[in-house]
Amino acid sequence: MVQVKLLPTPEQAAALEATLRGCNQAADLVARTAFTTQITREYDLRKHTYTVLKARGLGAQAAQHVIKKVADACTTLKANLRAGNLGPPGSPRRTRAESKPIAFRPHAAQPYDDRCLSWQIEARTVSIWTVRGRLRGVAFTASAAQLKTLALYRKGESDLLCRDGMWFLIATCDVPDRPVAVPDGFLGVDLGIANIATTGDGARHSGKGLNAVRHRNRELRRRLQAKATTSAKRLLKKRRRAEARFAADTNHVIAKRIVTEAERTGRGIALEDLQGIRERVRLRKPQRVTLHAWSFAQLGGFIAYKARRAGIAVIHVDPAYTSRQCSACGHTDRANRPEQAVFSCTSCGFAEHADVNAARNIAARGVAGWAVSHAA
Ligand SMILES: [Zn+2]
């Protein structure tokens, strides 16, 4: 994915705004049809709604994308219900989701294919369909690396979206992965709350900035939730999104450093299996669970993605007892970890920062796991 920022003129921005609004109103209409008829397959939905959408002034492609967007949202909702992500049957959240049609935000992202969006990469402009006709020469900004990726690998759909008054296109790019090199050992990565990621080499990526932002926002949320006015709700939503973006940026930076270090030293990367992380976080305060499980999953995903692009082996290991086991002699004992940050082996006397010791255990399990899976 490559995200570029559009620089529309005020008239162009107004046309884009009218387009997103129109497409999402149309999507609401299709969603209502889906809800009342219980038809959710794209092909069947098209039979019921395509003519109506065309009559509302949507082009053929836009109408099809709107219908597909609704069908996809129905599929996602069904999967979430099935997986229990909205609570057990009868719970308020689940009942709310089941009792009304899916609703789209006025500025929810809209997919575009090559027929309604074309890229002039050298000129840094796009030509894009809107409800007010086709806009030509809409300027965008991108880094040199992004422009190169767009020119070589852009393929398929792009999403148009508006965030905090700014316009973006997110283009799908099909970058081929490099073949995975045989690793010369593994760099172990321990994920945590105080230190978001710690490597076996001793590099600790602190979560200080992120935790401070989260703490501030939690306080603010508490105050605003008591108010419950429309403007308070809007501010809350804006803060939540800013926090998610900040977390994603932090995770990108950490992932990049870890992948660069593994690449420089010719090693693979060993990560904790995410299921294990979720269970470990669950032992802590409940409100942290979703937040951190989600953030860890994102960081793990970024590392795996960047590693794949660079041809670096990634292995996921069972994280059980990595914090209690001695990375020097293997002795496993709860007493090896007298404090949160301290590891001190009661058998051989080895001492190290607890997260670094855990990361080394993860690295050792990575080596063992790789040997097993590549024995043939
Ligand atoms: Zn020991």
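This text goes with the structure placed above it.
Residues numbered from 1 in each chain as written. Predicted model: local features only at pLDDT ≥ 70, side-chain atom pairs only at ≥ 80, totals over all residues. Heavy atoms only, no water.

Explanation requested: the side chain of Thr33 in the structure shown.
In this structure, Thr33 sits in helix H1 (residues 10-37). Under the relative-accessibility criterion, Thr33 is labelled buried at 18%. Beyond its immediate sequence surroundings of up to four residues, Thr33 is in contact with Gln38, His48 and Thr49. (Helix = DSSP H or I, 4+ residues; strand = E, 2+ residues; numbered from the N terminus. Buried < 20%, exposed > 50% of the residue type's maximum accessible area, 1.4 Å probe, protein only. Contact = heavy atoms within 4.5 Å.)

It is not clear to me how the layout of surface pockets should be interpreted in this structure. Could you clarify?
Over the atoms a probe the size of a water molecule is rolled, and this reveals where empty space is left. Here the largest pocket defines a volume of roughly 1300 Å³. Forming the walls of the largest pocket are 34 residues, and the residues nearest its centre are Met1, His252, Tyr305, Lys306 and Arg309. Only strand S1 (2-7), helix H5 (144-153), strand S6 (154-163), strand S7 (166-173), helix H7 (230-265) and helix H9 (286-310) provide two or more residues apiece to the lining of the largest pocket. Counting residues per element, the lining of the largest pocket draws most heavily on H7, at 9 residues. (1 Å grid on protein atoms, 1.4 Å probe; cavity = no way out; pocket = protein on both sides within 12 Å on 5 of 7 lines; lining within 4 Å. Points joined across faces, edges and corners; volume = space filled by probe spheres on them.)

Just to check I follow, could you spell out helix H3 (residues 60-82) for this structure?
Quick reminder: α-helices carry 3.6 residues per turn. Residues three or four places apart thus point the same way. Taking 1.5 Å as the rise per residue, H3 with 23 residues should run 33 Å; its terminal C-alpha atoms sit 33 Å apart, in good agreement. Within H3 the residues assigned to the buried category are Ala62, Ala63, His65, Val66, Ile67, Lys69, Val70, Ala71, Ala73, Cys74 and Leu81. Residues of H3 that are buried make contact with H1, helix H2 (42-55), helix H4 (92-98), strand S2 (110-112) and S6. (Expected span 1.5 Å × (residues − 1).)

Looking at this structure, I do not really get the packing of H1 against H2. What am I missing?
Packed helices, taken two at a time, are described by the angle their axes make and the gap between the axes. Interaxial distance between H1 and H2 falls to 10 Å at its minimum, and their mutual angle equals 145°. Relative to H2, H1 is oriented so that their crossing is right-handed. Residues Ala26, Leu29, Val30, Thr33 and Ala34 of H1 lie in contact with H2, whose contacting residues are Leu45, His48, Thr49, Val52 and Leu53. (Axes fitted to C-alpha atoms, helices over the stretch in contact; angles between N-to-C directions. Left-handed = near helix turned anticlockwise from the far one by under 90°.)

What exactly am I supposed to notice about the coordination of the zinc ion here?
Each donor-metal-donor angle in an ideal tetrahedron of four donors is 109.5 degrees, and each such angle in an ideal octahedron of six donors is either 90 or 180 degrees. For the zinc ion, every protein donor is listed as Cys326 (SG), Cys329 (SG), Cys345 (SG) and Cys348 (SG), and the spread of their distances is 2.3 Å. Classification of the site at the zinc ion as tetrahedral follows from its 4 donor atoms and the range of 106 to 113° in their angles at the metal. Counting gaps between the donor residues of the zinc ion yields the pattern C-x2-C-x15-C-x2-C. Its relative accessible area of 2% is what places Cys326 among the buried residues. (Donors = N, O, S within 2.8 Å, 3.2 Å for Na, K, Ca; no water. Tetrahedral: all angles 85-135°; square planar, octahedral: opposite > 155°, others 65-115°.)

Nothing here speaks to function; it is geometry throughout.
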